[in-house]
Amino acid sequence: MKTTIFLTAVVTAALFGISSESQTCADGPNPRLANTRDAKLDKEFEYLIFDLGKGIYLKLVKVSAKGKSFIIGSSKSEQEAVVKKHFDGKRPDWIDFEADHSVTLTDDYFIGQREVTRGQFRRFVEDAGYTTDAEQSEGGYGWNEELKKFEGRDKKYSWKNTGAPGQSEEHPVTNVSRADARKFCEWLAKKADGKVRLREVRLPGEAEWEFACRAGSTGRFCFGDDEEKLAEYANVADATWNEKFPNPKAIKAKDGHVFAAPVGQFKPNEFGLYDMHGNVWEWCEDFFGKYSALPKDRNGIQKKNQGQLRPVLRGGAWYLNPGSCRSANRYIVGVGSSRYGAAGFRVVAVP
């Protein structure tokens, strides 16, 4: 756990964010519903599309989950295999937090097709006049290209800049706290004109996030257990990363990105969702707790404090080995205005 925290505080010190997802919306309700085909999957999905203004849109994909059960977390056999391969047989204490459990979801929901981008977050900042936690305090984390090292917290790093080469509006936003992400969701909810009924607009609960990530898979990843296949679906520690930052645990395949990639560059999972593995960590809405204590309502969102105020990040990131980018992996962070150069978020809307 301490090793992972160190990496997140140092390596994660350089992520970037983005995204405008240009999508032409006809005049009508905001958000609007649309059925269109995902070209990469050649499969049709139902989308909820928010008009953020100035030609910027945010697209969410419908997940049919009402009444469906799945196993959240990881089995003992999965944990043993991960410990043997990625931790040299030394079991980290945090993996106990993955103890598997059967969960039945209560509602269908829409979840962001992609991670929220810098372009989308910029619309929020401009429209709401918002200042992030990093900007109000000692700053965020970033990559110093001149010194060739990760550093922070530092005032020069925020959601606007992580120092990584090639940042664009289409990269996922990072250096945002969970409070910042929640404020984005509140702002987005106010964009809704009521013509499409939405009960909630918020961050995903852990159960919602993992159900969406798995997309029906019971393996370690949305496509099964083959770690080398991650290069097709995710930006993780790979041969490209290994060339710059030697890492014997990196996959041998190349995903083509050293740092965070623009959103939507890889294959989507079977639910039409991009970058659920790797790229950047993603904030979840609920309290951390044992899965066995998950409530039976609200898609299992843990709204009760079980003595742990710490929030959870999901999905892994571009600098991490496959063991930390699995569907079941949970990264539990400290209380307070935590923000990371490798952590962003996606949005959930419940009709």
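On a predicted model such as this, the values are computed, not experimentally measured, just so you know. Just so you know, the residues in each chain are numbered from 1, in the order the chain's sequence is written. Side-chain atom pairs in this predicted model are given and counted only at pLDDT of 80 or more, local residue features only at pLDDT of at least 70, and totals for whole chains, interfaces and linings cover all residues. Side-chain metrics rest on all non-hydrogen atoms present in the structure, leaving aside hydrogens and water.

Colleague: Tell me about the sheet that holds strand 2 (residues 43-53), and name the residues and values.
Modeller: Strands pair in a sheet through their backbones, by hydrogen bonds, and they do so in one of two ways: parallel or antiparallel. Here we have six strands laid out as an open sheet, ordered 1-2-3-6-14-9, and antiparallel in their pairing. Two strands bound the open sheet, and with one partner strand each, they are strand 1 (32-38) and strand 9 (200-202). Taken over all neighbouring pairs, the strand axes of this sheet differ in orientation by 30° on average, direction set aside. Both strand 6 (residues 109-112) and strand 14 (residues 348-350) contribute to a ladder of two bridges, which runs antiparallel. Residue pairing for strand 14: Phe110 is matched across the bridge by Ala349. Should any heavy atoms of two residues lie within 4.5 Å, those residues are considered in contact. For helices, the fitted line uses only the C-alpha atoms of the stretch in contact; every axis is such a line through C-alpha atoms, and the angle between N-to-C directions lies from 0 to 180 degrees. Segments assigned H or I by DSSP are reported as helices when at least four residues long, segments assigned E as strands when at least two residues long, and all are numbered from the N terminus. Sheet contacts for helix 3 (residues 118-128): strand 2 and strand 3 (56-63); angle to strand 3, the most-contacted strand, approximately 115°. DSSP-based pairing: two strands are paired if at least 2 bridges between them are found.

Colleague: Lay out the environment of Phe184 with the relevant residues and their values.
Modeller: By the element assignment, Phe184 lies in helix 5 (residues 178-191). In contact with Phe184, not counting residues within four places along its chain, are Leu58, Val116, Gln120, Phe121, Phe124, Phe345 and Val347.

Colleague: Please set out helix 3 residue by residue, giving values where relevant.
Modeller: Residues spaced three or four apart along an α-helix point in a common direction, a consequence of the helix completing one turn every 3.6 residues. Those residues of helix 3 lying buried are Arg118, Gly119, Gln120, Phe121, Arg123, Phe124 and Val125. Residue Gly129 follows helix 3 closely and has a positive phi angle near 65°. Here the term buried applies to any residue with accessible area under 20% of the maximum for its type, exposed to any over 50%, and partly exposed to those in between, with areas from a 1.4 Å probe on protein chains only.

Colleague: Hey, could you go over the sheet that holds strand 13 (residues 343-344) for me, with residue numbers and the actual values?
Modeller: With mixed pairing, four strands are arranged side by side in an open sheet as 12-11-10-13. Each edge of the sheet is formed by a strand with only one pairing partner; in this case those strands are strand 12 (330-332) and strand 13. When strand 10 (residues 281-283) meets strand 11 (residues 312-314), the two strands line up antiparallel, connected through two bridges. Each bridged residue has a counterpart across the sheet, and for Glu282 the counterpart in strand 11 is Arg314.

Colleague: Explain helix 6 (residues 206-214) to me, using residue names and the numbers behind them.
Modeller: Among the nine residues that make up helix 6, nine are buried, leaving the element largely enclosed by the rest of the structure. A positive phi of about 50° marks Ala215, the residue just after helix 6.

Colleague: Tell me what's going on with the side chain of Glu210, and back it up with residues and numbers.
Modeller: Within the fold, Glu210 resides in helix 6. For Glu210, a relative accessible area of 0% puts it in the buried group. Polar contact is the term for a pair of N or O atoms within 3.5 Å; when the atoms are in protein, one must be able to donate a hydrogen and the other to accept it, and sequence-neighboring residues count only if both atoms are side-chain atoms. From its side chain, Glu210 meets the backbone nitrogen of Gly73 in a polar contact 2.8 Å long. If we ignore the near neighbours within four places in the chain, the residues touching Glu210 are Phe70, Ile71, Ile72, Gly73, Tyr291, Arg314, Ser327 and Ala328.

Colleague: Please set out the state of the cysteines residue by residue, giving values where relevant.
Modeller: As used here, a disulfide is simply a covalent bond connecting the sulfur atoms of two cysteines. Note on terminology: pairs of cysteine sulfur atoms within 2.5 Å are recorded as disulfides. Tallied over the entire structure, the rule returns zero disulfides. Distance from the sulfur of Cys284, which forms no disulfide, to the nearest cysteine sulfur (Cys213) is 10 Å.

Colleague: Quick rundown of the pairing of strand 2? Include the residues and the values.
Modeller: Judged from the seven bridges that link them, strand 1 and strand 2 form a sheet pairing that is antiparallel. Looking at the pairing, Asp38 lines up with Lys43 of strand 2. Linking strand 1 to strand 2, which pair antiparallel, is a turn of four residues; within it Asp42 sits at a positive phi near 50°. Counted along the chain from strand 2 to the antiparallel partner strand 3, the turn is two residues long, and its residue Lys54 has a positive phi close to 55°.

Colleague: Requested: an account of the environment of Gly216, with residues and values cited.
Modeller: Checked against the element boundaries, Gly216 lands in the loop between helix 6 and helix 7 (230-233). Accessibility expressed as a relative area gives 68% for Gly216, which makes it exposed. Separated by 53 residues in the primary sequence, Gly216 and Asn269 place their C-alpha atoms 9.4 Å from one another.

Take it as geometry only, folks, not as evidence of what the structure does.
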